[in-house]
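# An overview of the molecular structure
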Amino acid sequence: MSNYNYQITASDKIYEIAKSKKYLATVLAAAPSAGKSTIIIKILNKFFRENPAYKVVILTHNLNMLKKQMIDTFNKGFTTPEFTYGEFGQDV
């Protein structure tokens, strides 16, 4: 069994950097199957606990396959989203 604790560390660090206001942007880059969707869910869970009225747009690399993978991970991933989600045109 693999150890994916780095996802927690990465999500915590990314969130800390994003909130620090030291930088204009925060970028998550990781190898295929590193758990980017899981890391994003962890970040968004923290963000929405602190900012429940906000909305967020996540853009995938212009591929429907990547969008589908992200939604699938939100539906049945290792981390449960604590927010509503969907595609443009849905009331989420």
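Here's a quick rundown of the structure. (Residues numbered from 1 in each chain as written. Predicted model: local features only at pLDDT ≥ 70, side-chain atom pairs only at ≥ 80, totals over all residues. Heavy atoms only, no water.)

### Some remarks on unusual backbone geometry
Put simply, the test is: Comment: elements are numbered from the N terminus, with helices defined as DSSP H or I runs of at least four residues and strands as E runs of at least two. Burial classes follow relative accessibility: with a 1.4 Å probe on protein chains only, a residue under 20% of its type's maximum area counts as buried, one over 50% as exposed, and anything between as partly exposed.
Of note in this structure, lysine 21 is not a glycine but carries a positive phi near 65 degrees. Mapped onto the elements, lysine 21 comes out in the loop between α1 (6-20) and α2 (36-50). Exposure remark for lysine 21: the relative accessible area of 76% places this residue in the exposed category. A positive phi angle is found at serine 33, which is not glycine, with a value near 70 degrees. Examined against the element boundaries, serine 33 turns out to sit in the loop between α1 and α2.

### Side note on the pattern of salt bridges
If the charged atoms of two oppositely charged side chains come close together, the side chains can form a pair. Put simply, the rule is: A carboxyl oxygen of Asp or Glu within 4 Å of a side-chain nitrogen of Lys or Arg is what we treat as a salt bridge.
The tally for this structure, following the rule as stated, stands at five salt bridges. Between lysine 46 and aspartate 12 there is a salt bridge whose closest N-O contact spans 1.9 Å. Here aspartate 12 lies in helix α1 and lysine 46 lies in helix α2, a separation of 34 residues in the sequence. Accessibility expressed as a relative area gives 22% for lysine 46, which makes it partly exposed. Given a relative accessible area of 35%, aspartate 12 falls into the partly exposed group. In this structure, the salt-bridge partner of glutamate 16 is lysine 13, at a minimum N-O distance of 3.2 Å.

### Remarks on the packing of aromatic side chains
The test is simple: Classification of ring pairs rests on two measures: the distance between centres of Phe, Tyr or Trp rings, Trp counted by its six-membered ring, which must be within 6.5 Å, and the angle between planes, read as stacked under 30 degrees, edge-to-face over 60 and tilted in between.
Under the defined criterion, the tally for this structure stands at seven aromatic pairs. Ring plane angle 75 degrees and centroid distance 5.3 Å describe the contact between phenylalanine 47 and phenylalanine 48, whose orientation is recorded as edge-to-face. When its relative accessible area of 15% is taken as the criterion, phenylalanine 48 is described as buried. Pairwise contacts between aromatic rings join Phe47, Phe48, Tyr54, Phe74, Phe83 and Tyr85 into one cluster.

### Overview of the side chain of threonine 79
Applied cut-off: Pairs of N or O atoms within 3.5 Å make up the polar contacts considered here, provided that, within protein, one atom can donate a hydrogen while the other can accept it, and that residues adjacent in sequence are counted only when both atoms are side-chain atoms. Any two residues whose heavy atoms approach within 4.5 Å at even a single point are treated as in contact.
The residue threonine 79 is located in the segment after α3 (64-76) in this model. Polar side-chain contacts of threonine 79 include one of 3.4 Å to the side chain of lysine 42. In contact with threonine 79, not counting residues within four places along its chain, are Thr38, Ile41, Lys42 and Asn45.

### Regarding the layout of surface pockets
We count it as follows: Lining residues are those with an atom within 4 Å of a point, where the points come from a 1 Å grid over the protein atoms alone and group into cavities, where a 1.4 Å probe fits but cannot get out, or pockets, open sets with protein on both sides within 12 Å along at least five of seven lines. Grid points are joined across faces, edges and corners, and a volume is the space filled by probe spheres set on the points. As a working rule, the residues Ala, Val, Leu, Ile, Met, Phe, Trp, Tyr, Cys and Pro are called nonpolar, Asp, Glu, Lys and Arg charged, and the rest polar, with Gly in that last group.
Taken as a whole, the largest pocket encloses approximately 910 Å³ of empty space. Around the largest pocket, the lining comprises 30 residues; the ones closest to its centre are Leu28, Lys36, Ser37, Ile40 and Met70. Every element with two or more residues in the lining of the largest pocket is listed here: α1, α2 and α3. Here the element with the most residues in the lining of the largest pocket is α2; it accounts for seven residues. Of the residues belonging to the lining of the largest pocket, the class tally is 18 nonpolar, 11 polar and one charged.

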